[in-house]
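# Per-entry structural report
Listed here are the chains, written in short residue letters.
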Amino acid sequence: MDTRSLGRSGIEVSALGMGCWAIGGPFWAGAQPLGWGEVDDEESIRAVRRALELGVTFFDTANVYGAGHSEQVLARALAGRRDEVVIATKFGATFDEETRQTGPDDGTPANVQRSVRESLRRLDTDRIDLYQLHINSLPIPQALDLIPTLESLVDEGLIRAYGWSTDFPERADAFAAAGPRCATIQADLSVLRGSFEVLPVAAKHDLGVIIRGPLAMGLLGGRYTAGSELPRDDVRGLSPEWMTYFTDGRPTPAFLTRIAAIRDILTADGRTLAQGALAWLWAYDARTVPIPGGRTVAQVEENAGALAHGPLTPAELADVERLLGRA
């Protein structure tokens, strides 16, 4: 239960990772916030170190989170302990580190070559364990054009394996079929909704499955109600179109209804709601490595506590699926 292999790469990671989007702090696309509000870097560092103490060895970030700041904070937190962890980051975004404004996506081989070296600098490391394409809907021919470059980076020792963060099964299928050292697919999935269709693709190609959004952008943390309103400097507060869990800064009512229907099952045996949501993922597909975010030591401790409980039982899983109308 405690470890997973990142697909055919053979890289071993903890069954639970830590997502590092939120610790990057603010960044924007024009007036649209893309971060989770202001952060305390020192608390972020304590949170990362606490996660490692509790058995979390897999840390997932992206070059664009905080316009490079997340990678820098992660480097500070893991200083002196690099060989104890597996670091994943992503490429494809463009941004200005000073203004923290994002630009257009760039899915070209030249950008891969630039981006990997910039991420290595910010992460203060000589290699990236898992390097992931971060353009969800990049056309398949353009994605396949990146494979020779990614393979050469593996040969150079700058990365150990690569993958794609995409919710499109046909994209994942094509990329894995063409990429000898493609190891993972990263998909948006929680007990409430998500990219179920990528899971058979992962099984077909022996890919690891990294789960982003396992706590439904915080909705499965249990503290938001119909009356909650997120601040406007939070990506959830000024909700972009893809932010289905929140609408106009408030929890989307349909998802609160679904949580109410399954809360008792997820919180059985002393689990918190968040721990139950993570347990559902492990029960639903044993390949999954959820990467809930955490900005504080308390959040990390709660998430890591799910490891002690393990997956839901088959009966509990069946009950959840029945109550959500998926059985």
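It should be noted that the structure appears before, not after, this text.
Treat the numbers as computed from the prediction; the structure is a model and nothing was measured.

Further remarks concern the overall build of the chain. For the chain, the count of helices and strands is twelve helices and 14 strands. By the compact-globule yardstick of 20 Å for 327 residues, the chain fits well, its C-alpha radius of gyration being 18 Å. Counting only C-alpha atoms and orienting by the principal axes, one finds that the chain spans roughly 50 × 40 × 40 Å. For the chain, with 327 residues in total, the buried portion stands at 56%. Across the chain, every contact between residues at least 6 apart in sequence was considered, and the portion connecting residues at least 24 apart equals 73%. For the chain, the accessible surface area stands at approximately 12700 Å², while carbon and sulfur atoms represent 52% of it.

A few words now on the sheet that holds strand E14 (residues 288-290). The strand order across the open sheet built from eight strands is E3-E6-E7-E8-E9-E10-E11-E14, with neighbouring strands paired in parallel fashion. Every other strand in the sheet has two partners, leaving strand E3 (17-19) and E14 as the edge strands with one partner each. Neighbour to neighbour, the strand axes of the sheet diverge by 25° on average, direction disregarded. Direction of pairing for E3 relative to strand E6 (residues 58-60): parallel, over a ladder of three bridges. From the neighbouring strand, Gly19 faces E6, where its bridge partner is Asp60. Where helix H5 (residues 147-156) meets the sheet, it contacts strand E7 (86-91), strand E8 (128-133) and strand E9 (159-165), and its direction lies at approximately 150° from that of E9.

This part is about the nonpolar core. In this structure, Met18, Phe59, Leu150, Leu192, Leu219 and Trp280 are the most contacted members of the largest nonpolar core, which totals 97 residues. The biggest single contributor to this core is helix H9 (residues 273-284), with eight residues. Leu150 has contacts with Phe91, Val112, Tyr131, Ile159, Tyr162 and Phe175, leaving out every residue within four places of it along the chain. Counting twelve residues, the second largest nonpolar core, distinct from the first, contains Ile11, Val86, Ala88 and Ala183.

Glancing now at the pairing of strand E10 (residues 182-188). Of all seven residues making up E10, seven are buried, and the element is well covered by its neighbours. The sheet contact formed by E9 and E10 spans four bridges and is parallel. Paired with Tyr162 across the two strands is Cys182, which belongs to E10. For the crossover from E9 across helix H6 (residues 169-178) to E10, the handedness is right-handed.

Right, let's get into the pattern of salt bridges. Using the criterion set out here, one finds 27 salt bridges in the structure. Note that Asp126 and Arg127 form a salt bridge whose closest N and O atoms lie 3.2 Å from each other. Judged by its relative accessible area of 53%, Asp126 is exposed. Where Glu170 meets Arg171, a salt bridge forms, and the shortest distance between an N and an O atom there is 3.5 Å. Residue class for Arg171 comes out buried when judged on its relative accessible area of 13%.

Parameters and conventions
Residues numbered from 1 in each chain as written. Predicted model: local features only at pLDDT ≥ 70, side-chain atom pairs only at ≥ 80, totals over all residues. Heavy atoms only, no water. Helix = DSSP H or I, 4+ residues; strand = E, 2+ residues; numbered from the N terminus. Rg over C-alpha atoms; globule rule 2.2 N^0.38 Å. Buried < 20%, exposed > 50% of the residue type's maximum accessible area, 1.4 Å probe, protein only. Contact = heavy atoms within 4.5 Å. Areas by Shrake-Rupley, 256 points an atom, 1.4 Å probe, with all protein chains shown as cover. Pairing = 2+ DSSP bridges. Axes fitted to C-alpha atoms, helices over the stretch in contact; angles between N-to-C directions. Core = buried A, V, L, I, M, F, W, Y, C linked by side-chain atoms within 4.5 Å. Right-handed = clockwise from strand over helix to strand, strands pointing away. Salt bridge = Lys/Arg side-chain N within 4 Å of Asp/Glu carboxyl O.

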